[in-house]
Amino acid sequence: MKQHHVLSGVGATLVVARPGPTRGLNGGAGRPQGSPLHRMSPLVTSAAALLLLALATAVSAASPFGIRGVKGLWWSGIDNYQHMVRWLPDHDLNFLMFCYSSFPGSGSAWRQPYTAAELAGMGEVASYGREHGVDVCLSINPAIWSRPALEYGGEADLTLLADKCAAAHAVGVRSFALCLDDISEALGAADQARFPSLAEAQAHLVNALLARLRALDPAIRLIFCPSAYTTGSARANQPYITTVGRLIDPAVIFFWTGPQVCSPSITAADADEFAGWIGRQPLIWDNYPVNDYCNWRLLLSPVKHRAADLGAHVAGLMSNPMRQSEISKLPLATLAAYLHDPAGYQPDAALAAALHELGRGELDGALRDLVQLYGRDFLGEPPPPPPATAGELEARVAKLKELAAAFGERAGFERLCADVAPAIAADLRRAEARLALLGPAHPLPVTGHDFAGGAGEVYGFAQHGRDDTNFVYAANTPHGQMTARFLLAEVDANAHYEVTVEAHDDDFESKAHVRLTLNDTVLLDGVSDWPDHAWATRTFRLPGKALRAGENRLTVACTDPQGQLGMPPWFMVAKVDVKRVENE
């Protein structure tokens, strides 16, 4: 996750005031009456247009944030960008970035050319953006999944990057982001022989690419996401961040996510500290309401804890929204309100206006109920406690069924319903399962749904190709342990039993530390033996006297002392079974 830097010369969104509500994307209402920011009516005469244009530019310039934008993340299909680029101008937002996850040629298969259809889609989005004051940017990460590894000093890889940018430039893209986040820090043999450090290697590539782009078009803008893109990471890697800041051309913009990957708050002092290391003001890549770490869950709280004076200390701010692009417009609208008037921003008022805009008078109430379930906590704020009693769960099931009906197939809201319905369905299944768990213990086998505790309650149970998982994070988090209760009709104390656990370690290089306890018997207390990138089953043998006829309890805990939600270490369980060993 990353940030980007304000590009000098990016034009303000050209907007005018119009009385009453306007029609937004998909025919929906735009900002409510009294909002100053809307696209210009084609009916305005040329003389009046000049005056209104000047007034609109002045209004837009009132925002202290030069870049005000959005990126996509794993958005499936160019249509998400086509819809978003039409929504941005009505909210005084002027930047849209194609994530490097959007096209194989930008990330997973970066050495392959873009297809004709992909270039056509980029061109359509860029053309609309150019006409409506939205700068469209293409990001590329040539290192995160590269096989063979990127060669920073290699002429061939530099030419590939420049050619990809040239292909996008030919269809109208004028800004590019070279993202080197979340990558291996190891240099290949050729780069090791040429560069004394990763920082020098990256600075060489960035400057060389900038020279190629300037030769193509002197007005092209280049943004860079360093490998240390948070304050914490940069502070721990001072030689790296100060070297790239010193060596990379001052015209290049730097992304920064704030103090953390997902930052609960961002202040002017935070921005100044990072700016001191990179020698320029950073462009904030705000990782809210991104939900790539919990893609089932909807994050609908209004934006909070971004300082009122932040705009004068950064080049701009770009939001990283959810995979669900349409419902993302709810928190994004509150971000737009903050960016337009940071000093006067009121989160609850901004959310109320966003609810009315997205609901268009038809789904306002349903959206408010949705926010009560999914939008009552912001980054770093504890979520509301899950329902615990049968009465609370029954009330939740009833409310979810109401919402499922409200966000079913609904004319004019197809995209919104497609975003919301799966989350409601998953939560409804979980609530019904938890209600059943308040009765007798569960029969074998148990799945992740049958564990009390764990992070599935917050981030969803559909993870890594399974829809029946639960998982635990480090011991210092609120979700470091989970317990399943299961029934055995009878137990032979003189026999042996096998406990099979289908699980998945985190996707980090190091292994999680795990403790598995069945009743009073510790099955495992140490390093996880499960793979990082696949589900696998491990078997534990124990005597019958360790089990009980009736209710038994299996507890899974991550014993790593330090961590944070959404980040390794974590440990995930999909299925557990207990069977007697026959024919010993």
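Residues numbered from 1 in each chain as written. Predicted model: local features only at pLDDT ≥ 70, side-chain atom pairs only at ≥ 80, totals over all residues. Heavy atoms only, no water.

Asks: Describe the nonpolar core, and please don't skip the residues or the numbers.
Replies: Judged by nonpolar contacts, the single largest core of 143 residues is most densely connected at Leu138, Tyr152, Phe255, Ile327, Leu370 and Phe407. The element that contributes the greatest number of residues to this core is helix 6 (residues 198-216), accounting for ten residues. Listed in part, the 31 residues of the second largest apolar core include Ala495, Val514, Leu523 and Phe540. (Core = buried A, V, L, I, M, F, W, Y, C linked by side-chain atoms within 4.5 Å. Buried < 20%, exposed > 50% of the residue type's maximum accessible area, 1.4 Å probe, protein only. Helix = DSSP H or I, 4+ residues; strand = E, 2+ residues; numbered from the N terminus.)

Asks: Break down the confidence of the model for the protein for me, citing the residues and quoting the values.
Replies: Residues shown with low pLDDT carry predicted positions that ought not to be read at fine detail. Across the protein, the average pLDDT comes to 86, with 88% of residues at 70 or higher. Across residues 1-60, confidence stays below pLDDT 50; counting only partners more than four residues off in sequence or on other chains, it has 165 contacts. (pLDDT = per-residue confidence, 0-100. Contact = heavy atoms within 4.5 Å.)

Asks: Which residues make up the packing of aromatic side chains, and what are the values?
Replies: Applying the stated criterion across every chain, the model contains 16 aromatic pairs. When the ring of tryptophan 75 is compared with that of tyrosine 81, the centres are 4.9 Å apart and the planes differ by 55 degrees; the resulting orientation is tilted. Neither residue differs from the other here; tryptophan 75 and tyrosine 81 are each classed as buried. For the pair tyrosine 338 and tyrosine 345, a centre-to-centre distance of 5.7 Å together with 75 degrees between the ring planes defines the contact as edge-to-face. For tyrosine 338, a relative accessible area of 1% corresponds to the buried category. (Phe/Tyr/Trp six-rings, centres within 6.5 Å; stacked < 30°, edge-to-face > 60°.)

Asks: Kindly report on the packing of helix 11 (residues 347-359) against helix 12 (residues 364-374), identifying the contributing residues and their values.
Replies: Their axes nearest at 8 Å, the elements helix 11 and helix 12 cross at an angle of 130 degrees. Classed by the angle they form, the pair helix 11 and helix 12 counts as oblique. The crossing of helix 11 and helix 12 is right-handed. Contacts between helix 11 and helix 12 involve Leu351, Leu355, His356, Leu358 and Gly359 from the former and Asp364, Leu367, Arg368 and Val371 from the latter. Grouping the constituent residues of the contact of helix 11 with helix 12 by class yields five nonpolar, two polar and two charged. (Axes fitted to C-alpha atoms, helices over the stretch in contact; angles between N-to-C directions. Parallel < 35°, antiparallel > 145°, perpendicular 65-115°, else oblique. Left-handed = near helix turned anticlockwise from the far one by under 90°. Nonpolar A, V, L, I, M, F, W, Y, C, P; charged D, E, K, R; others polar.)

Asks: Residues and numbers for the packing of helix 8 (residues 238-247) against helix 9 (residues 268-278), please.
Replies: In the contact formed by helix 8 and helix 9, the axes pass within 6 Å of each other and the chain directions differ by 70 degrees. Relative to helix 9, the element helix 8 is oriented roughly perpendicular. For the pair formed by helix 8 and helix 9, the contact residues are Gln238, Ile241, Thr242 and Gly245 on the first element and Phe274, Trp277 and Ile278 on the second. For the contact of helix 8 with helix 9, the class distribution of residues is four nonpolar, three polar and no charged.

Asks: Can you tell me about the pairing of strand 15 (residues 521-527), naming the residues and giving the values?
Replies: The sheet contact formed by strand 14 (residues 513-518) and strand 15 spans six bridges and is antiparallel. Each bridged residue has a counterpart across the sheet, and for valine 514 the counterpart in strand 15 is glycine 526. The hairpin formed by strand 14 and strand 15 contains two residues between the paired strands, and asparagine 519 there has a positive phi angle of roughly 55 degrees. (Pairing = 2+ DSSP bridges.)

Asks: Could you give an account of the sheet that holds strand 10 (residues 451-453), naming the residues involved and the relevant values?
Replies: Backbone-to-backbone hydrogen bonds join strands into a sheet, with any given pair of strands oriented parallel or antiparallel. In space, the five strands of this open sheet follow the order 10-12-17-14-15, with antiparallel pairing throughout. Looking at the sheet topology across the chains shown, the edges are occupied by strand 10 and strand 15. Shown here is a sheet whose adjacent strand axes are inclined to one another by a mean of 15 degrees, direction ignored.

Asks: Could you give an account of the environment of leucine 160, with specific residues and numbers?
Replies: In this fold, leucine 160 is placed in helix 4 (residues 155-170). As for leucine 160 and proline 142, which are separated by 18 residues in sequence, their C-alpha atoms are 9.8 Å apart. Not counting residues within four places of it along the chain, the set of residues in contact with leucine 160 comprises Trp110 and Arg111.

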